[in-house]
Amino acid sequence: MNSTESPPNPYLLLTPGPLTTTASVKAVMMRDWCTWDEDYHRLVQAVRRDLTELATAEPGFTTVLMQGSGTFGVEAALTTAVPREGKLLVLANGAYGRRMAQIAERAGIPFRALESGETAPPDIDRVSAALQAEAAITHVAVVHCETTTGMLNPVEDIGRAVKSSGRVFIVDAMSSFGGIPLDAAAIGADYLVSSANKCIQGVPGFSFVVARRQELERTKGRARSLSLDLYDQWRTMEDRHGKWRFTSPTHVVRAFYQALQELAAEGGVAARHARYRQNRDALVAGMQAMGFAPLLPPAWRSPIITAFHSPAEPAYDFKRFYGRLKKQGFVIYPGNVTQLDTFRIGTIGDVHPADIERLLTAVAASMFWRQRGT
Ligand SMILES: *Cc1c(COP(=O)(O)O)cnc(C)c1O
């Protein structure tokens, strides 16, 4: 290997991000950019424009990029959007929903969490009742694909309930944006948050918030933090045509721009969604044939990540199973459901049905708990 060649990846990441990226996405990072030069600013503006277009065809939306991982984007959105006299309703059915409640708690934002349990979607009637009962609630937040279980939450129905009662709607579309068709305007979202290293298939380093401009314009001075002030970040990017307030992750932004071109070349979100579904369908069918049971019923499953019950056999051990798969070139994800023993396999990233077939062969060879003398 000479110094400009990158080493091959020792394994495929079957995780919900960072995920496996193409060689071409990684390759474009091999140059440096000046953060105040107009070449770089043009790149930033193109990324913002593309993201807004991906989110909706309706006018009136804008995109703000924010340094850090996805959580930084969620925290920026929540702590900038909700005013001092406001109150947040968080619909939670997993770790990422609970994290939004934690963010509110830490920032001193009045909030209420409506839990539906990890294996059930939010109940629309309960949401409507809560909104009717509590006039103080100004904002509602929910996760689209709850990566804890792979559950696809009914954001269309929730959005209808939120908008018909005149509240602001914040959606954590982190693990679904770009991988599942979703129209921000159609679901009534005022804020949609995602990050560079999920379904757009970039590398980690920044998050982004697609926001209804009219809503964002009202948030001046509301932020509880300097660096996570979404309004200030937006004003700087708007007024200075692609400038970030503080050092921006230049290489990551360049890689993300390449990833957006590759999303378009694949055929856009619909084509990517179709590939992820093929991956997921092949995975679930193959795993079920080997005796693994998915955690959720089919109607609630996303094509992003699938949770399986751990085998109910005394000899089973996740770490050992994981290690065997890793040796064969696949990295899977531990479970994160509170009361149940599960593991998860992601089907997003530069991963194709042929990879899933190879994975299934590797799984079959790794079921040590069924093999004698291992
Ligand atoms: C990945 C993810 C996040 C953000 O996690 P980070 O580790 O901060 O990138 C938030 N919400 C959901 C649903 C996610 O899948």
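Treat the numbers as computed from the prediction; the structure is a model and nothing was measured.

Asker: What exactly am I supposed to notice about the packing of aromatic side chains here?
Answerer: The geometry of an aromatic ring pair comes down to the distance between the two centres and the angle between the two planes. Applying the stated criterion across every chain, the model contains 16 aromatic pairs. Taking the centre distance of 5.0 Å and the plane angle of 75 degrees together, the rings of Phe-206 and Phe-256 count as edge-to-face. Placement of Phe-206 in strand β10 (residues 206-212) and of Phe-256 in helix α9 (residues 250-266) is noted, with a sequence separation of 50 residues between them. On the basis of relative accessibility, which here comes to 0%, the residue Phe-206 falls in the buried class. Ring-pair connections join several aromatic residues into one group, and the members of that group are Phe-292, Phe-308, Tyr-316, Phe-321, Phe-343, Phe-368 and Trp-369. The positively charged end of Lys-198 is found above the aromatic ring belonging to Tyr-96, 5.9 Å away from the centroid. If you follow Arg-235 out to its NZ or CZ, it ends over the ring of Trp-234, 4.6 Å from the centre.

Asker: Looking at this structure, how should I read the environment of Gln-45?
Answerer: Note on placement: Gln-45 falls in helix α2 (residues 38-55). A relative accessible area of 19% places Gln-45 in the buried class. Once the C-alpha coordinates of Gln-45 and Met-237 are considered, the two residues, 192 residues apart in sequence, prove to be 8.2 Å apart. With near-sequence residues (within four places) excluded, Gln-45 lies in contact with Met-237, His-241 and Gly-242.

Asker: I would appreciate a short explanation of the environment of Ala-364 in the present structure.
Answerer: With respect to the element layout, Ala-364 can be found in helix α12 (residues 353-364). Note on Ala-364: relative accessible area 39%, which makes it partly exposed. Each C-alpha atom of the pair Ala-364 and Gly-286 lies 9.6 Å from the other, and the pair is 78 residues apart in sequence. In this structure Ala-364 touches Met-290 and Gln-371, once residues within four positions along its chain are discounted.

Conventions adopted
- Residues numbered from 1 in each chain as written.
- Predicted model: local features only at pLDDT ≥ 70, side-chain atom pairs only at ≥ 80, totals over all residues.
- Heavy atoms only, no water.
- Phe/Tyr/Trp six-rings, centres within 6.5 Å; stacked < 30°, edge-to-face > 60°.
- Helix = DSSP H or I, 4+ residues; strand = E, 2+ residues; numbered from the N terminus.
- Buried < 20%, exposed > 50% of the residue type's maximum accessible area, 1.4 Å probe, protein only.
- Lys NZ or Arg CZ within 6 Å of the ring centre and 35° of its normal.
- Contact = heavy atoms within 4.5 Å.

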